[in-house]
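The lines below spell out each chain.
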Amino acid sequence: MDRYARHVTLPWFGAEGAKKLQKSSVLVIGCGGTGCACSSFLVRAGLGTILLIDRDVVSLTDLHRQTLYEEADLDRLSMKVNSAMGALSRVNHETEIEAIPAEFGPENAGALVERVDLVVDCSDNFETRMLINDACLRYSTPWVHGACTGTSGIVIPFPRGGKACYRCVVGHIPGGATPPGAAPGILGPVAGVTGALEAAEAIKMLVAPREVRPRIIYFDSLSYTYETIEVRRKENCPACVGGRYDFLSGGLSRRAFMDPESGTAHIPLSGPLDLEAIRKRLTPTYTIEDLGRALLIVTREAEVILLADGAAIVRGVGDPEQAGCLLDTLLED
Ligand SMILES: [Zn+2]
């Protein structure tokens, strides 16, 4: 019996749908609560290729909603993309999975979006969503937006050539940048529902794009609300009307910060790292694990992950300054 039989039986899906999914590729941006649920359903559905991008590590407070991670992922400093890839590869060996331990930013957005048939937004901030919107407009790539907080979630499918874009809906970033480390409450299952709805829209868009209606899907678990609202194009939208991609052409401004949830310091570095050279130089002194585009270095007092795109995550230090001192020691030639 074919493993996708229960999908194939759906009249709009059929055997053709399964074949289409096997030939399709999706970029999932963010491997938090929505990213875990969404990527799990996409891989279970028999997607051909999935690219996962995230620059965070697994922490204890993630486990109530991020269903691809487990307690063992906390023993060592673990990049979410690596743990997610491990879990997903046990679900379906037929899907090609690529883990990208990096930030989705203006530097890599175009190249990544260009590689796939569809993008799913499982990020947690407005800047990233605006960037996804710009990149997907620029490369005519359909995408699905998803966000949740508290007991409510929102999902919006943006099909290729759709009537409106994310910037038509949001306009401008409310209240400026999202402060790093800010952690509002979220009911675990709500993240799962949001991610599952995103996967449903993604599958429909890849298999039967005619079934997709560009609407805002809103639900709230506490007030028993589920409603959809039509999205409308803003006639003065700078992105989809004006063709101006402000977020794609902007640079990335990153600051060092301490994430209290995972007890890690996140330090931007001045440029990309030559991980192979660093590994060779430090191997006699430290325990080093190759994470693919990232290195885990275990010193006596701390664990350090160096990301090839030029960032570091340090656990075991009190503040970003101490982390900076440790990095100076590790990175000096
Ligand atoms: Zn627009």
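Residues numbered from 1 in each chain as written. Predicted model: local features only at pLDDT ≥ 70, side-chain atom pairs only at ≥ 80, totals over all residues. Heavy atoms only, no water.

## Some words on the nonpolar core
Note on soluble globular proteins: their nonpolar side chains tend to be buried together.
Here comes step 1: Ranked by size, the top nonpolar core spans 53 residues in total, and within it Leu-42, Leu-52, Val-120 and Ile-305 carry the most contacts.
Here comes step 2: Split by domain, the residues of this core number at least three in each of domain 1 (5-249) and domain 2 (257-331).
Here comes step 3: Leave out the neighbours within four places in its chain, and Leu-52 touches Val-28, Cys-31, Ser-39, Val-81, Ala-84, Met-85, Leu-88, Ile-97, Glu-98, Ala-99 and Ile-100.
Here comes step 4: Counting residues in each nonpolar core, the second largest holds 31 residues, with Leu-112, Val-116, Val-119 and Ile-156 among its members. (Core = buried A, V, L, I, M, F, W, Y, C linked by side-chain atoms within 4.5 Å. Buried < 20%, exposed > 50% of the residue type's maximum accessible area, 1.4 Å probe, protein only. Domains from an automatic or database assignment. Contact = heavy atoms within 4.5 Å.)

## Some words on the side chain of Glu-201
Here comes step 1: Following the sequence through the fold, Glu-201 ends up in helix H8 (residues 188-207).
Here comes step 2: Sequence-distant contacts of Glu-201, defined by excluding residues within four places in its chain, comprise Val-144, Val-155, Pro-157, Val-212 and Ile-217. (Helix = DSSP H or I, 4+ residues; strand = E, 2+ residues; numbered from the N terminus.)

## Overview of the pattern of salt bridges
Here comes step 1: Within this structure, the stated rule accounts for 15 salt bridges.
Here comes step 2: Of the charged contacts, one joins Lys-19 and Glu-16 as a salt bridge, the two residues approaching to 3.7 Å between their closest N and O atoms. Placement of both Lys-19 and Glu-16 in helix H2 (residues 14-22) is noted, with a separation of three residues, approximately one turn of the helix.
Here comes step 3: Between Asp-62 and Arg-65 there is a salt bridge, and its shortest N-O distance comes to 3.8 Å.
Here comes step 4: You can call Asp-62 buried: its relative accessible area is 4%.
Here comes step 5: Residue Arg-65 is classed as buried on the basis of its relative accessible area of 17%.
Here comes step 6: When salt bridges that share partners are traced, they join Asp-56, Asp-62, Arg-65 and Lys-80 into one network. (Salt bridge = Lys/Arg side-chain N within 4 Å of Asp/Glu carboxyl O.)

## Describing the domain arrangement of the protein chain
Here comes step 1: Partitioning the protein chain into structural domains gives domain 1 (5-249) and domain 2 (257-331).
Here comes step 2: If you look at the interface, domain 1 gives 18 residues, while domain 2 gives 22 residues.
Here comes step 3: Summing the contributions of domain 1 and of domain 2, the shared interface buries around 1800 Å²; its carbon and sulfur component is 56%.
Here comes step 4: For the domain 1 face of the interface with domain 2, the top three residues by lost area are Arg-55, Arg-76 and Leu-77, together amounting to 36%.
Here comes step 5: For the pair domain 1 and domain 2, the number of links is two salt bridges.
Here comes step 6: At the surface where domain 1 touches domain 2, the tally comes to eight residue pairs in polar contact (both at pLDDT 80 or more).
Here comes step 7: Among the residues forming the side of domain 1 that touches domain 2, the class breakdown is nine nonpolar, three polar and six charged. (Buried area = accessible area lost by both parts, 1.4 Å probe. Polar contact = N/O pair within 3.5 Å; in protein donor to acceptor, adjacent residues only side chain to side chain. Nonpolar A, V, L, I, M, F, W, Y, C, P; charged D, E, K, R; others polar.)

## Details of unusual backbone geometry
Here comes step 1: A positive phi angle, near 50°, is found at Ser-140, a position not held by glycine.
Here comes step 2: Along the chain, the position of Ser-140 falls in the loop between helix H6 (126-138) and strand E5 (143-149).
Here comes step 3: For Ser-140, a relative accessible area of 44% gives the class partly exposed.
Here comes step 4: Of note, the phi angle at Arg-293 is positive, near 60°, even though the residue is not glycine.
Here comes step 5: Structurally, Arg-293 is set in the loop between strand E11 (287-290) and strand E12 (294-298).

## Thoughts on the packing of aromatic side chains
Here comes step 1: Applying the stated rule across the entire model yields four aromatic pairs.
Here comes step 2: Considering the side-chain rings of Trp-143 and Phe-158, the 4.8 Å spacing of their centres and the 20° angle between planes classify their relative orientation as stacked. Of the two residues, Trp-143 sits in strand E5 while Phe-158 sits in strand E6 (residues 152-158), which places them 15 residues apart along the sequence.
Here comes step 3: According to the relative accessible area criterion, Phe-158 is buried, its value standing at 4%.
Here comes step 4: One aromatic cluster in this structure is built from Trp-143, Phe-158 and Tyr-166.
Here comes step 5: Positioned above the aromatic ring of Phe-126, the side-chain terminus of Arg-129 is 5.4 Å from the ring centre. (Phe/Tyr/Trp six-rings, centres within 6.5 Å; stacked < 30°, edge-to-face > 60°. Lys NZ or Arg CZ within 6 Å of the ring centre and 35° of its normal.)

## Regarding helix H4 (residues 80-91)
Here comes step 1: The terminal C-alpha atoms of H4, which comprises 12 residues, lie 17 Å apart, in line with the 16 Å expected from a rise of 1.5 Å per residue.
Here comes step 2: If you check which residues of H4 are buried, you get Lys-80, Val-81, Ser-83, Ala-84, Ala-87 and Leu-88. Across the axial projection of H4, the buried residues extend over an arc of 160°, all falling on one side.
Here comes step 3: Buried residues along H4 sit against helix H3 (33-44), strand E2 (49-53) and strand E3 (96-100). (Expected span 1.5 Å × (residues − 1). Arc of directions from axis to C-beta.)

## Quick look at the coordination of the zinc ion
Here comes step 1: Coordination of the zinc ion by the protein comes from Cys-165 (SG), Cys-168 (SG), Cys-237 (SG) and Cys-240 (SG), over a distance range of 2.3 Å.
Here comes step 2: Around the zinc ion, the four donor atoms are arranged such that angles at the metal cover 96 to 122°; this shape is classified as tetrahedral.
Here comes step 3: Between consecutive donors of the zinc ion, the numbers of intervening residues give the motif C-x2-C-x68-C-x2-C. Note on accessibility: Cys-165 and Cys-168 belong to one class, buried. (Donors = N, O, S within 2.8 Å, 3.2 Å for Na, K, Ca; no water. Tetrahedral: all angles 85-135°; square planar, octahedral: opposite > 155°, others 65-115°.)

## A short note on the pairing of strand E4 (residues 118-121)
Here comes step 1: Covered by surrounding structure in E4 are Leu-118 and Val-120 together with Val-119 and Asp-121, the residues of both alternating faces.
Here comes step 2: As paired elements, strand E1 (residues 25-29) and E4 share four bridges and run parallel to each other. Across the sheet, the residue bridging to Leu-27 is Val-119, located in E4.
Here comes step 3: For E4 and E5, the ladder comprises three bridges, and the chain directions are parallel. Counterpart to Asp-121 in the pairing with E5 is His-145.
Here comes step 4: Note that the unit made of E4, H6 and E5 has a crossover that is right-handed. (Pairing = 2+ DSSP bridges. Right-handed = clockwise from strand over helix to strand, strands pointing away.)

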